[in-house]
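Structure at a glance
Chain residues, written in single-letter form:
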Amino acid sequence: MENTSERKLKIGIVCHPAHGGSGVVASELGLELAARGHHVHFFSHTLPFRVPNAHPNTFFHEVEVTSYPLFKYPPYTLALATKLAEVCREHSLDIIHVHYAIPHAIAAWLCTRMLPAEQRPATITTLHGTDITLVGIDNSFFEITRFSLEKSDGIPAVSDQLGEETRRRFNIDNPVEIIPNFVDSDKFAPGFRSEARRAAFAGPDEFLLGHMSNFRPVKRVLDVIRIFQRVHRELPARLLMIGEGVDLEPARNLAAELGIMERVTFLGPVDQVPEMLSQLDLFLLPSEYESFGLAALEAMSCGVPVVASRTGGLPEVVKNGSCGYLCEFANVEAKVKAMADKTIGLLSDPQKTARFSAAARERARSEFDPGRTVDTYESCYLRILAKNSLLENQGSDA
Ligand code: GMT
């Protein structure tokens, strides 16, 4: 196989830029590829939050959508396809790598159709979760999601479970390749833990529990509050909630209703994620579904044990009984109780907590190394480019 470091590629990365797993993965991957000397062009309506303004080998192309009184819904997908084609013409991109299928995969395909064959980039669609399990299977999107997956040159999924789910629900011929997410364990490290930082959220004799997400219903943020209420009845504890979204207000209201508001800090979205996660004693993720659970992995990398639902790809990330606990989701009440009991059991045993913390860190460091994932993506790019150029030489215009 070609040495991946020899050929420098021009790669377009398309993502949803706000705080959320797929945008984080897209940004971190783009930055790693740029560090290897590839030229990385990010496309979105806003600069993705983990991408610095100026960074060697990276470029940002803002997708602007003109509003017009006729448009109840401004057609972002068309503006994105147009911007992609424009940049492909100007910079001869080799690849457009979209993260989260909707609406990015079809925009990438439209872009290829707008260009002459010799200027067409390869297209890759990384599947992140709800683009398959929730939005993609909705009647209004199913057909076009299926079509755009068939048209993508490569469709990586972030966990075995999501790969299986994609094959089962979409029954596509195109193979799904599993490329798990990664974490930079130098950046997400326990070294950021400091008494001074932690003191802003909890006293020295209190446990600090935490949760981070985009507060969508699938994350079950209200269950975090319910679990915490049970834990706090047994142990001196505080809760740090990082992020925002539709369930932020309901979560605040529930905390107030349960009389625990003064024990909970709602921090909103933060840029200093490792600095916050490393102050925690335990991370809670009671989601209804997670294709992977990047937030859990980032917490583990900071040496924080995780108590999460046994759902989706989470068992591929959190090893039950060594770096955290997984609890069945089927019955919400039982799940809340089980997660509270596991949390109380673990935190009441300092030696076990220390063992879990070390195991969580070690698993994140050894199993989810960025280098390995970036190697896999580079190989995937080169394999697809080689296949496409072979087809081109054979005169195929598929
Ligand atoms: O938050 C996002 O940007 C997308 C979101 C989703 O709903 O698809 O997150 C998914 O992608 C992350 C990165 O690959 C995974 O860690 C999350 O588990 C996954 N979320 C869900 O499956 C609910």
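Residues numbered from 1 in each chain as written. Predicted model: local features only at pLDDT ≥ 70, side-chain atom pairs only at ≥ 80, totals over all residues. Heavy atoms only, no water.

**Some points on the sheet that holds strand β1 (residues 10–14)**
Strand order in the open sheet made by the five strands is β3-β2-β1-β4-β5, with parallel pairing throughout. Strands at the two margins of the open sheet, each flanked by one partner only, are β3 (58–62) and β5 (122–126). Neighbour-to-neighbour, the strand axes of the sheet open up by a mean angle of 20 degrees, direction not taken into account. Across five bridges, β1 lies against strand β2 (residues 39–44) in parallel orientation. (Pairing = 2+ DSSP bridges. Helix = DSSP H or I, 4+ residues; strand = E, 2+ residues; numbered from the N terminus. Axes fitted to C-alpha atoms, helices over the stretch in contact; angles between N-to-C directions.)

**Examining the packing of aromatic side chains**
Aromatic ring pairs are described here by two measures, namely the spacing of the ring centres and the angle between the planes. Taken as a whole and assessed by the stated rule, the structure comprises six aromatic pairs. Ring geometry for Tyr-377 against Tyr-381: centres 6.2 Å apart, planes inclined by 35 degrees, an arrangement best described as tilted. Of the two residues, Tyr-377 and Tyr-381 are both situated in helix α15 (residues 370–393); the distance of four residues between them amounts to about one turn of the helix. Looking at Tyr-377, the relative accessible area reads 2%, which means it is buried. For Tyr-381, a relative accessible area of 0% translates into the label buried. (Phe/Tyr/Trp six-rings, centres within 6.5 Å; stacked < 30°, edge-to-face > 60°. Buried < 20%, exposed > 50% of the residue type's maximum accessible area, 1.4 Å probe, protein only.)

**A few points about empty space enclosed by the protein**
Applying the stated criterion across every chain yields a total of one cavity of 30 Å³ or more. Taken as a whole, the largest cavity spans an internal volume of roughly 80 Å³. Taken together, Val-24, Val-25, Glu-28, Arg-50, Phe-182, Val-183, Asp-184, Lys-187, Phe-188, Leu-294 and Glu-298 form the lining of the largest cavity. Contributions of two or more residues to the lining of the largest cavity are made by α1 (21–35) and α11 (294–301). Of the residues forming the lining of the largest cavity, the biggest block, three residues, is contributed by α1. Classifying every residue of the lining of the largest cavity by side-chain character gives six nonpolar, no polar and five charged. (1 Å grid on protein atoms, 1.4 Å probe; cavity = no way out; pocket = protein on both sides within 12 Å on 5 of 7 lines; lining within 4 Å. Points joined across faces, edges and corners; volume = space filled by probe spheres on them. Nonpolar A, V, L, I, M, F, W, Y, C, P; charged D, E, K, R; others polar.)

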